[in-house]
Amino acid sequence: MNILCIGGGPAGLYFALLMKLQDPAHRIVVVERNKPFDTFGWGVVLSDQTLDNLRQADPVTGRLIGDALNHWDDIEVFFKGRSVRSGGHGFCGIGRKHLLNILQERCLAMGVELVFETDVADDQALAEQYQADLVIASDGLNSRVRARYASTFQPDIDTRLCRFVWLGTHKTFDAFTFAFEQTEHGWFQAHAYKYDATTSTFIVETPQDVWQAHGLEEMSQEQGIDFCERLFAPYLDGNALISNAKHLRGSASWIRFPRVMCKTWVHYETLAQGSVPFVLMGDAAHTAHFSIGSGTKLALEDAIDLASAFAQAGKQSGGGAEMQQVLQQYEARRSVEVLKIQNAARNSTEWFENVNRYTGMQIEQFAYSLLTRSQRISHENLRLRDGAWLQGFETWMAQELPVPAGAMPSVARAAAAAAGVAPVPPMLLPLQVRGTLLKNRIVVSPMATYSAVDGVPQDFHLVHLGARALGGAALVMVEMTSPEPHGRITPGCTGLWNDVQQAAFTRIVDFVHGQSSACIGLQLGHSGPKGSTQVGWEQADEPLPASGPDANWPLLAASAVAYGPQNQLPAAMTRADMDAMTAAFVASTQRAAAAGFDWLELHCAHGYLLSCFISPLTNRRSDAYGGQGSADLEQRCRFPLEVFRAMRAVWPAERPMSVRISAHDWADGGTTADDAVQIARLFKAAGCDVIDVSSGQTTRSAKPVYGRLYQTPFADRIRNEAGIRTMAVGAITQADQVNSIIAAGRADLCAIARPHLADPAWTLHEAAALQSRAGQWPRQYLSGRDQLYRELQKQQELAGAGNSGKAAAASAASAEGL
């Protein structure tokens, strides 16, 4: 083949090299606008895994790059005058210029033609000049090829919120260093790492508003560098900060990161020699934020993937179908791998954009949050990297965070530690909410089971909920239960509006309290416009028949907006309807208290009655309970808040109440994460203890971005901005994930749904698996029926009666006995 690579960065050079190695008969030309052996930028970061991939693709080049790398294992975090250091992270640094020089020299040695100082204004003319069968558009972030064929590639460019400047220094850091400094206007952070014997990369980053407040926008390049030197002087040891972008004037070197993703990566153009594919590679196809150091990694791995695909096809000299198939497979494989990295990079980017959100933490938790910010590094992964550091963190977390009354007191924890008992993992730490003590952080999420008869829970519910109470979870939640018959989602859903239903629930509550140490909660909610539908194993969300014994019943909503074209049109609620509905919720709340429930949750999510008031997509009212603008959010929350306050007034003061919300509608014009924080603040002011953070399901037009822990970032933001406890839910399937969420302060509880359907003892089994890796810990955090846990509760009561010294001694003795 004749191959033309437009752009002489890592992607274009490495692909050219690998293809030339496959078949020296290929004519391969790389065209670059800069001078030979010249480049901008400082060091780049590669992981050990990427280095292994390079060695496998071309051992010679892999060895040359490997010999030039500076390797380090440690990450050190500086924050509020203290530092935390952990190891085992496995990174390599190399100067960008040195990396390109290695690739350039290797290409020349293999016969690749390198054409420098050529600015490609017309890619088609150049492709015809070289009679290219394949054009690789490796022309970087500001790709002209991508721009020219934008209708095919459909690029999505998201310019992020922080300003950053890429600098260097002769201070050589012995660890990948994150340094955080607070000014009168906000926080700055530095990302620093050594890439050769005498030089380190030093990136300074800050939110746009902080950058502007300091006047950096108006400073010269020299003034901006001087500002950074003074701010980060404690870490530079007298060394200067250096710029190699002297061609940029003023503050132009401070940029906002553009996240690039493309719908397709291949464009075909008919030229003189025939149909020629133009293929995106590297930054032209995608970018990933520098905070996870994966831009160069992705570029090199793009090149490896496409070259390998041609090698496997074995028909490089063929045409048409073989070429098209290879390119389709390349795009399919790499787009998925890139999306994984970009999702992680998005999480990391947002963490650094919102550093202020986490600055109330002590450095131990702040550093843990930073290390796990991308959600690709988990709790157990940190244990593999640096087990001693993680054990120290677990010990700190167990001893330093507030200890609930009735949980193992600090003296007992110290005795347990002295006896060689491993620190309790975060998911098994107790939590006190008002007068309710949860023995760990696991909640069995409320799940519709469609098995009630006339709203009455059956033996199925006793077995279903009872089994999960025995399975180790701290709190078992009953599925959404309606305060009146027409508020059920389906005819098989539970209700709490009469004595028969209350008696059936009391039986279940008594079993949970009598046979386990779990708590049990009830989720109250009204289906609103999503009611009167078929049970889940029929046609979910589709309406009941128009006639017959299970015919449709009338629906109510904030506005006359149907959930979907098939669903019936609900009636917009009148003031009288609101009064009656509030009274129904209050009556059910009183029944729930009488039945003995420990916890009550109000369902304000997923497009049900109270949710459809909150979302602007479903609330079209023009009165004091509506409004379409973001400024009208408080009005849209008015009726849900009225219901909540009325329930809170009759619910026992010592028992907690939570509210489930949809933190994002995943649809244009709908509720956003910004709105979710304000919604949480409103419910907090009304007396809510915990926000149960879900999302979506408010409109059929929603387009959620699914993935593991995909709703956890909403819980994180609400918890750390609104200052209220949160419950994370959604695609949380492993204890390792729960530990990461709790330890990083992203949520206080984790609600687990589907895994508990498959395994009622999910908590016990996951904890046992953790225990086999991490060692032993006190059993009261695990067992569903454990005498020690009950003994600690009795000691709490004794302490309240004036026998605190005796109780504390007994608790310590119990811990030592373990």
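Our subject is the structure that appears above.
The structure displayed is predicted, hence computed values, not measured ones.

Undergrad: Account for the overall build of the chain, naming residues and giving values.
TA: Each helix and strand counted, the chain has 28 helices and 29 strands in total. Taken over the C-alpha atoms alone, the chain extends approximately 85 × 70 × 55 Å along its principal axes. Intrachain contacts of the chain at a sequence separation of at least 6 include 73% that bridge at least 24 residues. A total of about 30900 Å² of accessible surface is found on the chain, and carbon and sulfur atoms cover 50% of it.

Undergrad: Describe unusual backbone geometry, with residues and values.
TA: Peptide bonds are mostly trans, and most non-glycine residues show a negative phi. One non-glycine residue, Ser532, adopts positive backbone phi at about 55°. Among the structural elements, Ser532 can be located in the loop between strand 22 (519-524) and strand 23 (556-557). The class for Ser532 is buried, based on a relative accessible area of 1%. Located in the positive-phi region is Asp541, a residue other than glycine, with phi close to 70°.

Undergrad: Now, about empty space enclosed by the protein: what can you tell me, with residues and values included?
TA: All chains considered together, the criterion is met by six cavities of 30 Å³ or more. Looking at the largest cavity, its volume works out to about 60 Å³. Elements with a contribution of two residues or more to the lining of the largest cavity: strand 10 (155-169) and helix 9 (221-231). The greatest single-element share of the lining of the largest cavity, amounting to four residues, is contributed by helix 9. Residue classes in the lining of the largest cavity are distributed as five nonpolar, seven polar and no charged.

Undergrad: Give me the packing of aromatic side chains: which residues, what numbers.
TA: The tally for this structure, following the rule as stated, stands at 38 aromatic pairs. Relative to Phe232, the ring of Phe202 lies with its centre 5.7 Å away and its plane at 75°, an arrangement referred to as edge-to-face. With Phe202 in strand 13 (residues 200-207) and Phe232 in the loop between helix 9 and helix 10 (233-236), the pair connects residues that are 30 residues apart, well separated along the chain. The two residues Phe202 and Phe232 agree in class, both being buried.

Undergrad: Tell me what's going on with the sheet that holds strand 9 (residues 134-137), and back it up with residues and numbers.
TA: What the six strands build is an open sheet, ordered 8-2-1-9-17-16; its pairing is mixed. The sheet is open, and its two borders are formed by strand 8 (113-115) and strand 16 (266-271), each paired with just one other strand. Neighbour to neighbour, the strand axes of the sheet diverge by 20° on average, direction disregarded. In this sheet, strand 17 (residues 274-280) lies alongside strand 16 in antiparallel orientation, the contact comprising six bridges. Paired with Thr270 across the bridge in strand 17 is Ser275.

Undergrad: Give a description of helix 15 (residues 387-400) that names residues and reports values.
TA: With 14 residues, helix 15 extends 20 Å from end C-alpha to end C-alpha; this agrees with the ideal 20 Å at 1.5 Å per step. Those residues of helix 15 not exposed but buried are Trp389, Leu390, Phe393, Glu394, Trp396, Met397 and Ala398.

Undergrad: Could you give me a rundown of the environment of Phe232, with the residues and numbers involved?
TA: Owing to a relative accessible area of 0%, Phe232 belongs among the buried residues under this scheme. Through-space distance from the C-alpha of Phe232 to that of Phe188 is 9.3 Å; in sequence the pair is 44 residues apart. Setting aside chain neighbours within four positions, we find Phe232 in contact with Ala179, Glu181, Phe188, Gln189, Ala190, Phe202 and Val204.

Undergrad: Give a detailed account of the environment of Arg146, specifying residues and quantitative values.
TA: Locating Arg146 in the fold gives a position in helix 6 (residues 144-148). Of the residues examined, Arg146 reaches a relative accessible area of 6% and is grouped as buried. With 434 residues separating them in the primary sequence, Arg146 and Ala580 have C-alpha atoms 59 Å apart. In this view, Arg146 contacts Gly140, Leu141, Phe153, Pro155, Ile157, Val260, Cys262, Leu280, Asp283 and Ala284; residues no more than four positions away in its chain are not counted.

Undergrad: Which residues make up the sheet that holds strand 3 (residues 43-47), and what are the values?
TA: Pairing is antiparallel across the open sheet formed by three strands, whose spatial order is 3-7-4. Edge positions in the open sheet fall to strand 3 and strand 4 (70-72), since each of these has one partner strand only. Neighbouring strand axes in the sheet, compared pairwise and without regard to direction, differ in orientation by 30° on average. Pairing between strand 4 and strand 7 (residues 91-95): three bridges, direction antiparallel. Bridging across to strand 7, Asn70 finds its partner in Gly93. Against the sheet, helix 2 (residues 48-57) contacts strand 3, strand 4 and strand 7, and its axis sits at roughly 85° relative to strand 3.

Undergrad: If you had to explain the pairing of strand 17 to someone new, which residues and values would you point to?
TA: For strand 17, the buried fraction is high: five of the seven residues fall into the buried class. Relative to strand 17, strand 9 is paired through three bridges, and the arrangement is parallel. For Val135, the partnering residue across the bridge sits in strand 17 and is Phe278. Here strand 16 folds back onto strand 17, and the loop between the two strands holds two residues.

Undergrad: Hey, could you go over the layout of surface pockets for me, with residue numbers and the actual values?
TA: Taken as a whole, the second largest pocket holds about 1500 Å³ of empty space. Asn343, Arg346, Asn347, Glu350 and Val705 are, among the 43 residues lining the second largest pocket, the residues nearest its centre. The set of elements that each furnish at least two residues to the lining of the second largest pocket consists of strand 10, strand 15 (255-262), helix 12 (320-353), helix 23 (673-685) and helix 24 (712-722). Looking at the lining of the second largest pocket element by element, the count peaks at twelve residues for helix 12. Tallied by class, the residues present in the lining of the second largest pocket amount to 16 nonpolar, eleven polar and 16 charged.

Undergrad: Can you lay out the packing of helix 19 (residues 575-595) against helix 22 (residues 638-650) for me, pointing to particular residues and giving the numbers?
TA: At their nearest, the axes of helix 19 and helix 22 sit 9 Å apart, and the two run at 30° to each other. Along this stretch, helix 19 crosses helix 22, giving a crossing that reads as right-handed. Contacts from Arg575, Met578, Met581, Thr582, Phe585, Val586, Thr589 and Gln590 of helix 19 reach helix 22 at Phe639, Glu642, Val643, Ala646, Met647 and Val650.

Conventions used here
- Residues numbered from 1 in each chain as written.
- Predicted model: local features only at pLDDT ≥ 70, side-chain atom pairs only at ≥ 80, totals over all residues.
- Heavy atoms only, no water.
- Helix = DSSP H or I, 4+ residues; strand = E, 2+ residues; numbered from the N terminus.
- Contact = heavy atoms within 4.5 Å.
- Areas by Shrake-Rupley, 256 points an atom, 1.4 Å probe, with all protein chains shown as cover.
- Buried < 20%, exposed > 50% of the residue type's maximum accessible area, 1.4 Å probe, protein only.
- 1 Å grid on protein atoms, 1.4 Å probe; cavity = no way out; pocket = protein on both sides within 12 Å on 5 of 7 lines; lining within 4 Å.
- Points joined across faces, edges and corners; volume = space filled by probe spheres on them.
- Nonpolar A, V, L, I, M, F, W, Y, C, P; charged D, E, K, R; others polar.
- Phe/Tyr/Trp six-rings, centres within 6.5 Å; stacked < 30°, edge-to-face > 60°.
- Pairing = 2+ DSSP bridges.
- Axes fitted to C-alpha atoms, helices over the stretch in contact; angles between N-to-C directions.
- Expected span 1.5 Å × (residues − 1).
- Left-handed = near helix turned anticlockwise from the far one by under 90°.

Without other data, these values stay purely geometric and don't point to any function.
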